[in-house]
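These are the residues of each chain, in order.
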Amino acid sequence: MNLIPAPLKETFLAFDKKVDHSISFFFRHYGKSKFMVAMSKKAQYLGLEKLWEKGPKAFVYFFLFYLIRDVILYILLPIFFAKLTTH
């Protein structure tokens, strides 16, 4: 079942292609940057200790990006929407 009309989908895909598929990447990975996805994969196959040993600076950036992203997505946005819907 296709919920999106074909002309609208084609327009979106053409625009997404012009911006190097950044929009579809964002929706697929829920706000993760390409750096965060790459570091996630490295963390999965290296382990956190070896990832830290390879580059503490990159590990700290990775951790902070996830921390900031998760705070915004799972704490701040729900509080904001809860305040909008209550009196």
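See the structure above.
This is a predicted model, so every value here is computed, not measured.

Rules behind the numbers
Residues numbered from 1 in each chain as written. Predicted model: local features only at pLDDT ≥ 70, side-chain atom pairs only at ≥ 80, totals over all residues. Heavy atoms only, no water. Core = buried A, V, L, I, M, F, W, Y, C linked by side-chain atoms within 4.5 Å. Buried < 20%, exposed > 50% of the residue type's maximum accessible area, 1.4 Å probe, protein only. Helix = DSSP H or I, 4+ residues; strand = E, 2+ residues; numbered from the N terminus. Contact = heavy atoms within 4.5 Å. Axes fitted to C-alpha atoms, helices over the stretch in contact; angles between N-to-C directions. Left-handed = near helix turned anticlockwise from the far one by under 90°. Nonpolar A, V, L, I, M, F, W, Y, C, P; charged D, E, K, R; others polar. Phe/Tyr/Trp six-rings, centres within 6.5 Å; stacked < 30°, edge-to-face > 60°. Expected span 1.5 Å × (residues − 1). Bend = angle between axes of the 7 residues up to and from the residue.

1. Observations regarding the nonpolar core
For step 1, the next point in the chain: Met36, Met39, Ala43, Leu51, Phe59, Phe62 and Tyr66 form the largest nonpolar core, which has seven residues in total.
For step 2, the next point in the chain: Secondary-structure elements contributing two or more residues to this core are helix 3 (34-46) and helix 5 (56-85).
For step 3, the next point in the chain: Once residues within four sequence positions are removed from consideration, Ala43 is found in contact with Leu48 and Leu51.

2. Description of the packing of helix 3 against helix 5
Each packed pair of helices is defined by two parameters, the angle between the axes and the distance between the axes.
For step 1, the next point in the chain: Two elements in contact, helix 3 and helix 5, have axes whose closest approach is 10 Å; the angle formed by their N-to-C orientations is 115 degrees. For the pair helix 3 and helix 5, the sense of crossing is left-handed. Touching Phe35, Met36, Met39 and Ser40 of helix 3 are Ala58, Phe59, Tyr61, Phe62, Phe65, Tyr66 and Arg69, all from helix 5.
For step 2, the next point in the chain: Among the residues forming the contact of helix 3 with helix 5, the class breakdown is nine nonpolar, one polar and one charged.

3. Examining the packing of aromatic side chains
For step 1, the next point in the chain: Applying the stated criterion across every chain, the model contains one aromatic pair.
For step 2, the next point in the chain: Measuring from centroid to centroid gives 5.5 Å for Phe80 and Phe81, while their planes differ by 70 degrees, and the two rings are edge-to-face.

4. With respect to the environment of Phe81
For step 1, the next point in the chain: Mapping Phe81 onto the fold places it in helix 5.
For step 2, the next point in the chain: Distance from Phe81 to Glu10, taken between C-alpha atoms, is 32 Å for residues 71 residues apart in sequence.

5. Quick word on helix 5
For step 1, the next point in the chain: The terminal C-alpha atoms of helix 5 lie 42 Å apart, and with 30 residues this matches the ideal 44 Å at 1.5 Å per residue to within 8%.
For step 2, the next point in the chain: By the largest-angle criterion, Ile72 marks the main kink of helix 5, which is about 35 degrees.
For step 3, the next point in the chain: When helix 5 is considered as a whole, its buried residues turn out to be Phe59, Phe62, Tyr66 and Arg69.

6. Section: helix 1 (residues 6-18)
One full turn of an α-helix is made of 3.6 residues, so residues set three or four places apart face in the same direction.
For step 1, the next point in the chain: The terminal C-alpha atoms of helix 1, which comprises 13 residues, lie 18 Å apart, in line with the 18 Å expected from a rise of 1.5 Å per residue.
For step 2, the next point in the chain: Phi turns positive, to about 55 degrees, at Asp20, one or two residues after helix 1.

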